[in-house]
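Coordinate inspection notes
Given next are the chains, with one letter for each unit.
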Amino acid sequence: MYVLGLETSCDETGVAIYHSEKGLINHLLYSQIDMHSEYGGVVPELASRDHIRKLVPLIKQCMNEAGLTSRDIGGIAYTAGPGLMGALLVGAATANSLAWAWRKPAIAVHHMEGHLLAPMLENNPPSFPFLALLISGGHTMLVEVTGIGRYRLLGESLDDAAGEAFDKTAKMLGLGYPGGPKLSELAKRGTPRFKFPRPMTDRPGLDFSFSGLKTYTMNALHDTAQSDQDKADIAFAFQTAVAETLSIKCKRALQQTRLDKLVVAGGVSANSAIRQSLTEMTDKEQALIYFPRPEFCTDNGAMIAYAGCQRLMADQHQGSVIFARARWPIEELPPV
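So, here's what we can say about the structure. (Residues numbered from 1 in each chain as written. Predicted model: local features only at pLDDT ≥ 70, side-chain atom pairs only at ≥ 80, totals over all residues. Heavy atoms only, no water.)

1. Observations concerning the packing of helix H2 (residues 44-66) against helix H3 (residues 85-102)
When two helices pack together, their arrangement is given by the angle between their axes and by how far apart the axes lie. Between H2 and H3, whose axes approach to 9 Å, the crossing angle comes to 40 degrees. When the interaxial angle is binned, H2 and H3 end up oblique. Between H2 and H3 the crossing geometry is right-handed. Across from Ser48, His51, Ile52, Leu55, Val56, Ile59 and Met63 in H2, the residues of H3 making contact are Gly86, Ala87, Val90, Gly91, Thr94, Leu98 and Trp102. For the contact of H2 with H3, a count of residues per class yields 9 nonpolar, 5 polar and no charged. (Axes fitted to C-alpha atoms, helices over the stretch in contact; angles between N-to-C directions. Helix = DSSP H or I, 4+ residues; strand = E, 2+ residues; numbered from the N terminus. Parallel < 35°, antiparallel > 145°, perpendicular 65-115°, else oblique. Left-handed = near helix turned anticlockwise from the far one by under 90°. Contact = heavy atoms within 4.5 Å. Nonpolar A, V, L, I, M, F, W, Y, C, P; charged D, E, K, R; others polar.)

2. Some words on the side chain of Ser9
Within the secondary structure layout, Ser9 lies in the loop between strand E1 (2-7) and strand E2 (12-19). Using a relative accessible area of 2% as the deciding quantity, one classes Ser9 as buried. At 2.5 Å, the side chain of Ser9 forms a polar contact with the side chain of Glu7. Here His111 takes part through its side chain, which lies 3.5 Å from a polar atom of the side chain of Ser9. When sequence neighbours within four positions are dropped, the list of residues in contact with Ser9 reads Thr79, Pro82, Gly83, Leu84, Ala87, Leu88, His111 and Asp299. (Buried < 20%, exposed > 50% of the residue type's maximum accessible area, 1.4 Å probe, protein only. Polar contact = N/O pair within 3.5 Å; in protein donor to acceptor, adjacent residues only side chain to side chain.)

3. Remarks on the environment of Thr201
Topologically, Thr201 is positioned in the loop between helix H6 (179-187) and helix H7 (211-222). When the C-alpha atoms of Thr201 and Phe236 are compared, they prove to be 19 Å apart, with 35 residues separating the residues in sequence. Once residues within four sequence positions are removed from consideration, Thr201 is found in contact with Thr245, Ile248, Lys249 and Arg252.

4. A look at unusual backbone geometry
The general pattern is negative phi for most residues beyond glycine and trans for most peptide bonds. Residue Pro82 is reached from Gly81 by a cis peptide bond, and omega for that bond is -10 degrees. Turning to its location among the elements, Pro82 is positioned in the loop between strand E4 (73-81) and H3. At the junction of Phe128 and Pro129, the peptide bond is cis and its omega measures out at 0 degrees in the coordinates. Here Pro129 lies in the loop between helix H4 (111-117) and strand E6 (130-135). Positive phi values are uncommon outside glycine, yet Gln226 reaches one of about 60 degrees.

5. Let's talk about the pattern of salt bridges
A pair can form between side chains of opposite charge whenever their charged atoms are brought close. Going through the model one piece at a time under the given rule, you end up with 17 salt bridges. Between Glu45 and Arg49 there is a salt bridge; the shortest N-O distance is 3.0 Å. Linking Glu45 with Arg49, this pair stays in helix H2, spanning 4 residues, or about one helical turn. Classification of Arg49 as partly exposed rests on a relative accessible area of 46%. Put simply, Asp230 and Arg193 hold a salt bridge, and the shortest N to O gap is 2.7 Å. Of the two residues, Asp230 sits in helix H8 (residues 228-257) while Arg193 sits in the loop between H6 and H7, which places them 37 residues apart along the sequence. Judged by relative accessible area, which is 44%, Arg193 ranks as partly exposed. Taken together, the shared-partner salt bridges connect Asp160, Glu164, Lys168 and Lys214 into one network. (Salt bridge = Lys/Arg side-chain N within 4 Å of Asp/Glu carboxyl O.)

6. Comments concerning the pairing of E2
Of all the 8 residues making up E2, 8 are buried; the element is thus mostly covered by neighbouring parts of the structure. Burial of E2 is two-sided: the residues Glu12, Gly14, Ala16 and Tyr18 facing one way and the residues Thr13, Val15, Ile17 and His19 facing the other way are all buried. For E1 and E2, the ladder comprises 6 bridges, and the chain directions are antiparallel. In the strand pairing of E2, Tyr2 is matched with His19. (Pairing = 2+ DSSP bridges.)

Okay, structure coming up:
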């Protein structure tokens, strides 16, 4: 089965084609970063309008490059949530319109399930069960995974997600949008001059909180001359604190669940310092660690096509309903 995957949850328009036996056939991604950078963050209405302009041309290009027509497509998968409601509705309406016109089934895909399964696109995918750390601009979650749709939420952020904290801290440092990658780049020039707290690691539990760390960072910045080196040192301290906090929580979760595999996915999983910290931790714990390649860390159509293919192969589909949810707990998903 060839599955067409559409991703429009926020500020990236992703289209991909995945085959149930051949794997990923083609994928394209259009980023709205240049448009939103003028405003210092994502403007939902502009994001929705740009998805409308870009989605259908990308679908045509993706299918033409793959040498496929509508007759070859076995089903259409689209991101139904969580995300920006207007942006989600663009993908949902387009997917269901194509499904009706082509007489194919459509399947609504959970955005975070797409991220969670992104490492399955690699040559050496993890086997079930495993622990998943999902870190993105909107979510920080620890999930015990025993199969597709078989998820147990172990911990999540009580306030700012890790990616959100990166972006807000970058804004404090005057780095602009998107903040996370720019802060990471600045941190490379930093020195271990500051020691920032590792929030919520001095108590039991697997939840996260980064708003206090963000405030601590702001106070530390105000106590300096705010030179370029001051900012680099603060970026280094902030990034190190986030990376070590994530490692401490993941170590605790691996020990509690007695799992020996950790999957790390989502936009923030591309951060090299976080990857290094988690890899060192899993080496000490004698556990295996899996990351998607950098191009599949951020939002993309390939992960949606893969997740949708698994559910369509299990005879799950959405019917003719245009389904979209800005908030959607991952535990509500049915098993495959």
